[in-house]
Every structure is written in C-alpha cells, then in structure tokens.
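# Report on the structure
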Amino acid sequence: MSKLFGFSGDDDFCRRGSIYPNPKESSLFLSLGRHVDVYFPSRKRSRISAPFVFSGERVEQKKQVSIDVLPDECLFEIFRRLPGGQERSACASVSKRWLTLLSNICRDELCSNSTPEYLKPEAKSAENKAEDQEIESDGYLSRSLEGKKATDVRLAAIAVGTASRGGLGKLMIQGSNSARRVTDVGLRAIARGCPSLRVLSLWNLSSVGDEGLCEIANGCHLLEKLELCQCPEITEKALLAVAKHCPNLTDLTIESCSKIGNEGLQAIGRCCPNLKSISIKDCPLVGDQGVASLLASASYVLTKVKLQALNITDVSLAVIGHYGKAVTDLALISLPNVSERGFWVMSNGHGLQKLKSFSITSCRGVTDTGLEAVGKGCPNLKQFCLRKCALFSDSGLVSFAKAAGSLESLQLEECHRITQVGFFGLLNCGAKLKALAMVNCLGIKDQNMGLHLPSPCKSMRSLSIQSCPGFGNASLAVLGKLCPQLQHLDLSGLQGITDAGFLPLLENFEAGLVKVNLGGCVNLTDKVVSSLAELHGWTLEMLNLDGCWKISDSSMVAIAENCPLLGDLDVSKCMITDCGIAALARANQLNLQILSLSGCSLITDKSLPALVKLGQNLMGLNLQHCNATSISTVDLLVEQLWRCDILH
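Remember, predicted model here, so these are calculated numbers, not experimental data. (Residues numbered from 1 in each chain as written. Predicted model: local features only at pLDDT ≥ 70, side-chain atom pairs only at ≥ 80, totals over all residues. Heavy atoms only, no water.)

## What to know about the nonpolar core
The nonpolar side chains of a soluble globular protein tend to be buried with one another. One finds Phe 358, Phe 502 and Leu 597 to be the most contacted residues of the largest nonpolar core, which totals 182 residues. Setting aside residues up to four positions removed in sequence, Phe 358 forms contacts with Leu 330, Leu 332, Phe 343, Met 346, Val 374, Leu 381, Gln 383, Phe 384 and Cys 385. (Core = buried A, V, L, I, M, F, W, Y, C linked by side-chain atoms within 4.5 Å. Buried < 20%, exposed > 50% of the residue type's maximum accessible area, 1.4 Å probe, protein only. Contact = heavy atoms within 4.5 Å.)

Structure (structure tokens):
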C-alpha cells in the first residue's frame, strides 16, 4: 500500500514530494488520475471545493461550467443576437455586468436575422409581431429620476427596458450630492438604447460633462426639447454637437451652466431651424454676441424668449426689437446693464408686432419714457407684468395704458412709486382691460380723492389688491363705483378695510361676484359675509376667509342658506364651532367640494356626523391644527370618506 502513495521522480504529479506527510493516512476516496487538473502547494493539505462524482471505486471531480467565464466580447455577440426586447430585458436582470453590456448595444447593432427557425416570420405568434411593432414605435414613455434614485444603473435599466415597450420619449433627471451620481456612462446608455428620445431634462448633475451629452446628440437625432440646469461641466462643445445632430430642436433651456457661452448659441441659431423657445439664465459667458446671433438666425420661428441674469446690454434688446418678428412671449429678468435707451430702441424697432405677453422684473431701465415706448411699439400686447421696477411713476403707467390699446391683463408687484392716481387712472385708460393685480405696492395711501372720478371701467372682471397696507375704506368707496362688472375680487392681506368700507362696495357690483378672497382681512365681521351671501350667493363659487378671526357660526348659516353654487370654502383660523359645521351639513342645496378648517380650535369630535355628511361630496378636507379634534375622529373620517383627500 505504501507504494501506491509513494510518488517520486520526474513523472510524479506533485513534484515537491508526497502530497501528505504520512501517505498511509490519506483517504482512499481521493484518487488522482491523469486527467484531474488541480494544483497542490507544498506542505499544505489539499482543499477540494468542487463536487464529486462517484463511479465505482473512483471519485472524479466535476468541473463547474459558467457563462460568466466568457469575455465581454463573446457576451456582446450573444446579446445582440437575442430575438426580441423581452429576452434582452430578462438577461439584463441577471447581473450588473449583463445590464451594462446590454445597455451598450446600439439599435443598429442588433441582428435582425438571428431569429431561430421556429420563429420565422411566417411562424411568429401575434404577440411577437406586436412586440416588433412596439420596437419600431415613436416613443411615448416618460421616466423621471430624482435624488438618490438618479444613478447610472437605473439609466441603463431604463435604456434596456423601455426598448420593447414603445420606446423612451421623455426623460427627466434631477441629481443630488450622493456618492452614486449620474455620469456620462448613464447618458451613453440612454443614447444607445433610446433613439426615440424627444425630451431631455438634466438638473443639478455636476458629474455629467460633454461626453455624455455628445453621446445623446449622436444617438438621439429626434431630440426636440433640452433643459440643462446647474450642469457646470457641460461646455460649448456639447452644445455644438446638439446643434449639429439634432435639427428638430424646438425648445432649449440653459440655466446656471458657467461654461456655455456665445459660440454654442450661435451654432444653435444656425443649425436648428425649428427653434421656437429659448430660455437662458445665469450664464456668465453669454453676452450680446450669442443672444443677437441666435435671435437673428431664428427670426421667423422663435416665439418665446426668456433672458435672466445675463451680461447683455442695450444691443440685445435692439436685436429683439428688430428680429423678434414671431415672438409672442418675452421675459426680461435682472438685466442690470440694460438702460432706458435699450427699451426705447427695442420698442421702436417695429419687430414686436406679434408680442402678446411681456414680463419685466428687476430692470433699472424701465422708466416712464421706456414704458410709454413699450406700449406704442407692441400694439397687440395683451398681458403685461412689472415686478420690482422702482423707477417709473404714475404718469408713465397711465401713458403706457393709453398706448397699449389691446391690453387685457396688468400685474404690478413691488412698484412703490405707484399711488392712487396711477391706480385709478388705469381703470379709465384701458378700454379692454379685464384683469388688474397689485401686490405689495407701498406707494398707495388711503385718502379721499378730491379729483373728478373717471367713468366706470365696464370691461374689468378681475381685481386683485394684495398686501398693500395703504389701501383702505376710502379706496374701496371709489373702487366700487369704477368696476360695476367685477366678478373676481382678491383683497387678501388688507388689514385696513372694515365693514364700513366693504358693505357699500358689495352693493355696486352688478354682475355678481364669483370668486372672493378676503384672507387676512382681520377687521371684517359676520356682517360682511352675511351681506355677501345675500347679494351674491347665487353666483358665488369660491370664498376664502382664512385668518378672519371675527367670522363665526352666523356666517356659516348665511352661506348654507344662500350659496348653492359654492364649491370651495376656506374658514381657516376663524371662530367656527361645531354648530357652524352642523349648519353647513343641514343645507340641502350646498355642494361643497373643498373645505378648509385648518386652525379652527373650537371644532371638536361632536362635528364627526356633520363632517361625514358633508364628506359625501367633498374632494378635499383640511383639518390641520384642529387641536380639539381627536386622532380617533380623524381616523374614522379617513376610513369613511375614502374618496376625500384629508389633511390632518
């Protein structure tokens, strides 16, 4: 027996001596044949990890065969010969390695003639035919990745999975500061697997550079809308690639991309003949050259332009005024280098004949002269918004209103040089003015006007005066006589108005109020609500009394009896009790859909039956900060009113 284990000489399997120190103690189940490929290091006991196959007296080691031993090149050839998208999706679920390989296969690299004999076209099932048709479809699926979910692995899965389900048409990626971020690798997978992509939005992606966006441009020629926001590593090189390979681009948004400048915008203007909308914000390298070239190239197709926080001057505004022949929507925000001359030249360029909506925010160049020029140079202007422009006065505003004969909606926010003269002067200038909003304009002072009152503005339908502390009862008295056809009234935040000023106002409205917002008018009482319900209850659809702490249950009784069309009621932080809720529930004609009781600390569990009855028609119920209502009551409401969205 010792001869059986005593190996020596050049023909031994283990050249450095016997396998075991004492060969006689070795197991007879280990038989080393000439075909067993195992290496045994010296002076160490052998370790057999493979399974054994017992055949008679011999024990043979079985080799494990795995497809993972194949190199990537072989797997790539196998995967591109798979018959359909369903099979590729199944393989992508095996491992990240397989998913990565599958996501790197371009559509034109798939083998269309690799269908097995039993799946020839004449023998294909209807299901497979439908799948083939889906692969050829235009792309209608939408996917959104936000925060930690935005990773390259998920993008690869989207690229493979959507191919057999109609194709990806819209993708939105909003990154985060986590360790696993979206990089160029993820965008490359989308570019190769989703040629039908039409809308791409990239937000806060610091790890994405030119390589990834160039891949998108090379693989997604149908791209129509592109948003690049807070992508600091993307430069003009990527924008040049988009301009070259995506001629169907219609909508471009660039925000806080510090490495994109004039050259990229010039290329977009030259190569994208269908560009209709452009928005550029906070890009320090963008100047007059890029903006002017873009606008001049897209003169007859560009309809929407938004320029914010850019280092442009009066030159860009002059180009807009001359070449903006198709522009209908224009927004100019925080342009410190634009002066009064820029607005005057733009308005006299005779190019903004189709402009309908114009918004100006924080531009020092807006003066009385520039404002009047805008009114004359934009004959079809219907909506105009001025925010944080402190250098124009009442005379400029009135002159603008007289010149803009087509104006229908005007909004003024934080324009502190506007007084009562300018406000009431507007109501006598615009023959077509339907909506007027003033927000936080501190120049208005509540005082009796000794001037002759202008004629009523019968076209006015909506009036909003918010957080203007100087607007009080004296102003209300004039307002009621000038706007007899008013339907929408918003006086939120006006703490100076009282019942004495508001009650006469209600009697002057002839058409009937539809929407009324009195939130924050802390000095109004139940008399106002009762009068409002009696005079306008037959048309009232929305009433907001948030923060009117003098409103009590008597107002709820008046609303229940006189407001059959009321669908939205907000009595947050009012003195409403269980009796008020019961009065609403007893109303047979009331059809409330949204009810807000937030901060009504006097509502208790006794209101449960009334709330359940009201909840049969409610779509939304707000019970936040109702401290006298127990959690068990809220749980019962959630259980019984399963159709209603309850906030608690």
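## Overview of the environment of Arg 80
With respect to the secondary-structure elements, Arg 80 resides in the loop between α2 (72–79) and α3 (85–92). Residue Arg 80 is classed as buried on the basis of its relative accessible area of 19%. Spatially, the C-alpha atoms of Arg 80 and Leu 110 are 4.8 Å apart, while their sequence positions differ by 30 residues. Residues within four places of Arg 80 in sequence aside, it is in contact with Ile 105, Glu 109, Leu 110 and Cys 111. Here Glu 77 takes part through its side chain, which lies 2.8 Å from a polar atom of the side chain of Arg 80. (Helix = DSSP H or I, 4+ residues; strand = E, 2+ residues; numbered from the N terminus. Polar contact = N/O pair within 3.5 Å; in protein donor to acceptor, adjacent residues only side chain to side chain.)

## Here's the deal with helix α19 (residues 526–536)
Restricting attention to buried positions, one finds in α19 the residues Asp 526, Val 528, Val 529, Ser 531, Leu 532, Ala 533 and His 536. Residues of α19 that are buried sit in contact with α18 (499–506), β17 (515–517), β18 (542–544) and α20 (553–562).

## Details of the pairing of strand β5 (residues 199–203)
In summary, the side chains of a regular strand alternate between the two faces of the sheet. Examined bridge by bridge, strand β4 (residues 168–174) and β5 share five bridges and lie parallel to one another. The residue of β5 that forms the bridge with Ile 173 is Leu 202. Regarding topology, helix α8 (residues 210–219) serves as the crossover connection from β5 to the parallel strand β6 (residues 225–229), and that connection is right-handed. (Pairing = 2+ DSSP bridges. Right-handed = clockwise from strand over helix to strand, strands pointing away.)

## A few points about unusual backbone geometry
Its identity as a non-glycine residue notwithstanding, Ala 309 has a phi of 55 degrees, on the positive side. Turning to its location among the elements, Ala 309 is positioned in the loop between β9 (304–308) and α12 (314–323). Taking the relative accessible area as the measure of exposure, Ala 309 reaches 33% and is therefore partly exposed. The phi angle at Lys 573 is positive, at roughly 60 degrees, despite the residue not being glycine.

## Thoughts on the environment of Leu 524
In this fold, Leu 524 is placed in the loop between β17 and α19. Of the residues examined, Leu 524 reaches a relative accessible area of 2% and is grouped as buried. Between the alpha carbons of Leu 524 and Gln 495 there is a distance of 8.8 Å; along the sequence they are 29 residues apart. Excluding residues within four positions of it along the chain, Leu 524 makes contact with Ile 497, Thr 498, Asp 499, Phe 502, Leu 518, Lys 550 and Ile 551.

## Some thoughts on the side chain of Asn 544
Inspection of the secondary structure puts Asn 544 in strand β18. Those residues in contact with Asn 544, other than ones at most four positions away along the chain, are Val 516, Asn 517, Leu 518, Gly 519 and Asp 570.

## Let's talk about the pattern of salt bridges
Applying the stated rule across the entire model yields eleven salt bridges. Residue Glu 77 pairs with Arg 80 through a salt bridge whose shortest N-O separation is 2.8 Å. For Glu 77, a relative accessible area of 33% gives the class partly exposed. When the shortest N-O distance is used, the salt bridge between Lys 259 and Glu 233 registers 3.3 Å. Of the two residues, Lys 259 is situated in the loop between β7 (251–255) and α10 (262–271) and Glu 233 in the loop between β6 and α9 (236–245); the sequence distance between them amounts to 26 residues. (Salt bridge = Lys/Arg side-chain N within 4 Å of Asp/Glu carboxyl O.)

## A look at empty space enclosed by the protein
Rolled over the atoms, a probe as big as a water molecule pinpoints where empty space is left. Counting across every chain of the model gives three cavities of 30 Å³ or more. In this model, the largest cavity occupies a volume close to 130 Å³. The wall of the largest cavity is formed by Arg 88, Leu 102, Ser 103, Ile 105, Cys 106, Arg 107, Leu 110, Ala 159, Val 160, Ala 163, Arg 192 and Gly 193. Every element with two or more residues in the lining of the largest cavity is listed here: α4 (96–103), α6 (152–161) and α7 (184–193). Taken together, the residues that form the lining of the largest cavity break down as seven nonpolar, two polar and three charged. (1 Å grid on protein atoms, 1.4 Å probe; cavity = no way out; pocket = protein on both sides within 12 Å on 5 of 7 lines; lining within 4 Å. Points joined across faces, edges and corners; volume = space filled by probe spheres on them. Nonpolar A, V, L, I, M, F, W, Y, C, P; charged D, E, K, R; others polar.)

## Observations concerning the confidence of the model for the protein chain
Counting all residues, the mean pLDDT for the protein chain is 85, and 84% of those residues have values of 70 or more. Per-residue pLDDT stays below 50 along residues 1–52; that stretch engages in 39 contacts with residues further than four places along the chain or on separate chains. Predicted confidence is poor over residues 114–137, with pLDDT under 50, and the contacts of this stretch with residues over four places away or in other chains come to 26 contacts. (pLDDT = per-residue confidence, 0-100.)

## Section: the packing of helix α13 (residues 340–347) against helix α14 (residues 368–377)
Between α13 and α14, whose axes approach to 8 Å, the crossing angle comes to 15 degrees. Judged by the inter-axis angle, α13 sits roughly parallel to α14. Read as a crossing pair, α13 and α14 show a hand that is left-handed. Residues Glu 340, Phe 343, Trp 344 and Ser 347 of α13 touch α14, and the partners they reach there are Thr 369, Gly 370, Ala 373, Val 374 and Gly 377. Here the residues of the contact of α13 with α14 are counted per class, giving four nonpolar, four polar and one charged. (Axes fitted to C-alpha atoms, helices over the stretch in contact; angles between N-to-C directions. Parallel < 35°, antiparallel > 145°, perpendicular 65-115°, else oblique. Left-handed = near helix turned anticlockwise from the far one by under 90°.)

## Quick look at the state of the cysteines
Overall, the coordinates contain zero disulfides when judged by the stated rule. The structure places no disulfide on Cys 363, whose sulfur is separated from the nearest cysteine sulfur, that of Cys 389, by 6.0 Å. (Disulfide = S-S within 2.5 Å.)

## Observations regarding the pairing of strand β13 (residues 409–413)
Here β13 shows a buried face lined by Leu 410 and Leu 412 and an unburied face lined by Ser 409, Gln 411 and Glu 413. Bridge analysis of strand β12 (residues 383–387) against β13 gives five bridges, and the strand direction is parallel. Opposite Phe 384, over in β13, you have Leu 410 as the bridge partner. Running through helix α15 (residues 394–403), the crossover from β12 to the neighbouring parallel element β13 is right-handed. Bridge count between β13 and strand β14 (residues 435–439): five bridges; the pairing is parallel. Its bridge partner lying in β14, Gln 411 is registered against Ala 437.

## A few points about the packing of aromatic side chains
Scanning all chains against the criterion turns up five aromatic pairs. Relative to Phe 471, the ring of Phe 423 lies with its centre 5.8 Å away and its plane at 85 degrees, an arrangement referred to as edge-to-face. Of this pair, Phe 423 sits in helix α16 (residues 420–426) while Phe 471 is found in the loop between β15 (462–466) and α17 (473–482), placing the two residues 48 residues apart along the sequence. Here Phe 423 matches Phe 471 in class, with each residue buried. (Phe/Tyr/Trp six-rings, centres within 6.5 Å; stacked < 30°, edge-to-face > 60°.)

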